[in-house]
Amino acid sequence: MKPYELMLIITPDHEENEADALIENVKGIIESNGNIINIDVWGKRRLAYPIRKRSEGYYVVYVFECDPSFVAQLNQALRVIEAILRHMIVLYEDDVEKLKTAQTEEETPEVKDDDTTEDTTETVEDSTETDVTAAESE
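Let me sum up the structure you'll find in this document. (Residues numbered from 1 in each chain as written. Predicted model: local features only at pLDDT ≥ 70, side-chain atom pairs only at ≥ 80, totals over all residues. Heavy atoms only, no water.)

### A word on the sheet that holds strand S4 (residues 84-91)
Okay, so step 1: Reading across from one edge, S2-S3-S1-S4 is the order of the 4 strands in this open sheet, with antiparallel pairing throughout. Looking at the sheet topology across the chains shown, the edges are occupied by strand S2 (34-51) and S4. Direction aside, neighbouring strands of the sheet carry axes that sit 20° apart on average.
Okay, so step 2: The pairing of strand S1 (residues 2-10) with strand S3 (residues 54-66) spans 9 bridges and is antiparallel. Looking across to S3, one finds that Ile9 is bridged to Tyr59.
Okay, so step 3: Taken strand by strand, helix H1 (residues 16-33) contacts S1, S2, S3 and S4, and its axis lies near 25° from that of S3.
Okay, so step 4: Sheet strands in contact with helix H2 (residues 68-80) are S1, S3 and S4, and its direction is about 170° off that of S4. (Pairing = 2+ DSSP bridges. Helix = DSSP H or I, 4+ residues; strand = E, 2+ residues; numbered from the N terminus. Axes fitted to C-alpha atoms, helices over the stretch in contact; angles between N-to-C directions. Contact = heavy atoms within 4.5 Å.)

Here is the structure:
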């Protein structure tokens, strides 16, 4: 399986939930024969030139792995969807493993170590006891 990158430009006429539904629809098409590595939603951007009398589009970039034979099927499936202004599928040139590790690092939440907070409070308590003892001896 080779890594590919798909860029979609969706018509901005739809509401955000409709655009999200289309993003999930395309995700389902890709997952039927491949593995999605990353989905990057850029949001609404200005187009370099008008496409179908529109000056803005909603950009989404998918990075996925699939067999080369599936790319033609995906291309045909995306042509049929009217809400997609343009799409482009290219081979992904960057390091896929680097992208996968970055993706897993984002998903794992940082866990705070409770032991360090307890240690600092004990240290503060110990120092106040020492100060009180020193004040009593004077």
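### As for the pairing of S3
Okay, so step 1: Among the 13 residues in S3, 10 count as buried, and that is most of the element.
Okay, so step 2: With 12 bridges joining them, S2 and S3 adopt antiparallel strand pairing. Across the sheet, residue Ile36 finds its bridge partner in S3, namely Phe64.
Okay, so step 3: Between S2 and S3, which follow one another and run antiparallel, lie 2 residues, and Arg52 among them has a positive phi close to 50°. (Buried < 20%, exposed > 50% of the residue type's maximum accessible area, 1.4 Å probe, protein only.)

### Overview of the side chain of Thr11
Okay, so step 1: By the secondary structure assignment, Thr11 is in the loop between S1 and H1.
Okay, so step 2: Those residues within four positions of Thr11 in sequence are excluded, and the remaining contacts are Arg54, Ala83 and Leu85.

### Focus: the packing of H1 against H2
Okay, so step 1: Direction vectors running N to C along H1 and H2 enclose 160°, while the axes themselves pass 11 Å from each other. One finds that H1 runs roughly antiparallel with respect to H2. Remark: the crossing between H1 and H2 carries right-handed chirality. For the pair formed by H1 and H2, the contact residues are Val26, Ile29, Ile30, Ser32 and Asn33 on the first element and Phe70, Gln73, Leu74, Ala77 and Leu78 on the second.
Okay, so step 2: A breakdown of the residues in the contact of H1 with H2 according to their chemical character gives 7 nonpolar, 3 polar and no charged. (Parallel < 35°, antiparallel > 145°, perpendicular 65-115°, else oblique. Left-handed = near helix turned anticlockwise from the far one by under 90°. Nonpolar A, V, L, I, M, F, W, Y, C, P; charged D, E, K, R; others polar.)

### What to know about the pairing of S1
Okay, so step 1: As paired strands, S1 and S4 are joined by 7 bridges and run antiparallel to one another. Residue pairing for S4: Leu8 is matched across the bridge by His87.

### So, unusual backbone geometry
Okay, so step 1: Despite not being glycine, Arg52 shows a phi value in the positive range, around 50°.
Okay, so step 2: Within the secondary structure layout, Arg52 lies in the loop between S2 and S3.
Okay, so step 3: Even without being a glycine, Lys53 presents a positive backbone phi close to 60°.
Okay, so step 4: Here Lys53 is to be found in the loop between S2 and S3.
Okay, so step 5: Judged by relative accessible area, which is 84%, Lys53 ranks as exposed.

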